[in-house]
Amino acid sequence: HWEAGAKVFDRDLVDADPALNYGNWMWLSCSCFFYQYFRVYGPVSFGKKYDKDGTFIRKYLPVLKDMPAKYIYEPWTAPADVQKKAGCVIGVDYPPPIVDHAVASKECIEKLAVAYKAHKDGTNPLVGYKRKAGE
C-alpha cells in the first residue's frame, strides 16, 4: 500500500511536502492518474541505467562502498568470496532481499490488470465505496 510509504516520507523527510509526497506515491503505485500499470519501476535496472558505478549507493550505504560495480545493485548475487572481500556479507552486514522483484512485480501487474478490467467493465464492487479511516 502506497499510504505506508507516504507516511514514512512524511515522518522522515526534512523537506516533506504533502502535495508532492502523496501525488508521487499515487503516481508510482499506479493507483491514481496513471493507467499504464504494466510499467514497473525496477529498483535494480533504474540504478544500473543512471548510475552504473553506484556512486550514490556507495555514498549513502557505506557498507556497500567496496562492493564491485557489477554487484552494487544486487549484492546478494555476489559470490561469497566477493562479499567477504568487500566487507559486506549478505545476511550479516546487509539484509537479504525482502521480495523477489520479478515475482512481486508480476503478481502486482496481474492484480492491477484485474482491478482495471473490473473498473472498465463496471463490475468493481469498490466503485463508489468510501474507505473508513484505518483501512
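Residues numbered from 1 in each chain as written. Predicted model: local features only at pLDDT ≥ 70, side-chain atom pairs only at ≥ 80, totals over all residues. Heavy atoms only, no water.

### Observations concerning the overall build of the protein
Stated formally: Helix and strand labels come from DSSP, where a helix needs a run of H or I of at least four residues and a strand needs a run of E of at least two; each type is numbered from the N terminus. In this analysis, two residues are considered to be in contact whenever any of their non-hydrogen atoms come within 4.5 Å of each other. The method behind every accessible area is Shrake-Rupley, applied with a 1.4 Å probe, and residues are considered shielded solely by the protein chains displayed.
Looking only at helices and strands, the protein features six helices and zero strands. Mapped in sequence order, the helices and strands of the protein form the string α-α-α-α-α-α. Contacts spanning at least 24 positions in sequence make up 31% of the contacts within the protein whose residues lie at least 6 apart. Here the protein displays about 10400 Å² of accessible surface, and carbon together with sulfur accounts for 63% of that area.

### Here's the deal with the nonpolar core
Selection criterion: Here, nonpolar core means buried Ala, Val, Leu, Ile, Met, Phe, Trp, Tyr and Cys residues that are tied together by side-chain atoms lying within 4.5 Å of each other. Whether a residue is buried, partly exposed or exposed follows from its accessible area with a 1.4 Å probe, protein chains only, as a fraction of its type maximum: under 20%, in between, or over 50%, in that order.
Counting residues in each nonpolar core, the largest one holds 13 residues, and the members touching the most others are Leu64, Met67 and Ile72. Not counting residues within four places of it along the chain, the set of residues in contact with Met67 comprises Arg58, Ile72, Pro75, Ala78, Val82, Ala86 and Cys88.

### Considering the packing of aromatic side chains
This is how it is decided: When two rings of Phe, Tyr or Trp (its six-membered ring) have centres within 6.5 Å they constitute a pair, described as stacked for plane angles under 30 degrees, edge-to-face for angles over 60, and tilted for the intermediate range.
Enumeration according to the criterion identifies four aromatic pairs in this entry. On the numbers, 5.2 Å between centres and 85° between planes, the contact of Phe9 with Trp25 is edge-to-face. With Phe9 in helix α1 (residues 2-12) and Trp25 in helix α2 (residues 18-29), this residue pair connects regions lying 16 residues apart in the sequence.

### Comments concerning the side chain of Asn21
Keep this limit in mind: Nitrogen and oxygen atoms within 3.5 Å of one another constitute a polar contact, given that in protein one can donate a hydrogen and the other can accept it, and given that sequence-neighbouring residues count only through two side-chain atoms.
Mapped onto the fold, Asn21 is located in helix α2. Overall, the relative accessible area of 8% leaves Asn21 in the buried class. Within the structure, the side chain of Asn21 is placed 3.0 Å from the side chain of Trp25, a separation counted as a polar contact. Non-local contacts of Asn21, meaning those with residues more than four positions away in its chain, are made with Ala6, Phe9 and Asp10.

### Examining the pattern of salt bridges
Short version of the rule: Salt bridge, as used here, is a side-chain nitrogen of Lys or Arg placed within 4 Å of a carboxyl oxygen of Asp or Glu.
Tallied over the entire structure, the rule returns four salt bridges. With its nearest N and O atoms 3.1 Å apart, the salt bridge here joins Lys48 to Glu74. Residue Lys48 is located in helix α3 (residues 45-50), and its partner Glu74 is located in the loop between α4 (55-60) and α5 (80-86); the two are separated by 26 residues in the primary sequence. Residue Lys48 is classed as partly exposed on the basis of its relative accessible area of 38%.

### Points about a nonpolar patch on the surface
Under the convention used in this document: A residue counts toward a patch only above 30% relative accessible area and without a salt bridge, and it is joined to like-charged neighbours within 9 Å or, for Val, Leu, Ile, Met, Phe, Trp and Tyr, to nonpolar neighbours within 5 Å.
A cluster of nonpolar side chains, namely Val8, Phe9 and Leu13, defines an oily patch on the protein surface of about 230 Å² accessible area. In this structure, Leu13 sits in the loop between α1 and α2.

### What to know about the side chain of Gln83
When you line up the elements, Gln83 lands in helix α5. Of the polar contacts made by the side chain of Gln83, one reaches the backbone oxygen of Ala78; its length is 2.7 Å.

### Here's the deal with the environment of Pro43
Among the structural elements, Pro43 can be located in the loop between α2 and α3. The sequence separation of Pro43 and His101 amounts to 58 residues, and the corresponding C-alpha distance is 8.3 Å.

### With respect to the confidence of the model for the protein
Convention followed: Per-residue confidence from the predictor is given as pLDDT, running between 0 and 100.
In this model, the protein carries a mean pLDDT of 85, and residues with pLDDT of at least 70 account for 86%. Within the protein, α5 carries the highest mean pLDDT (98), whereas helix α6 (residues 101-121) carries the lowest (82).

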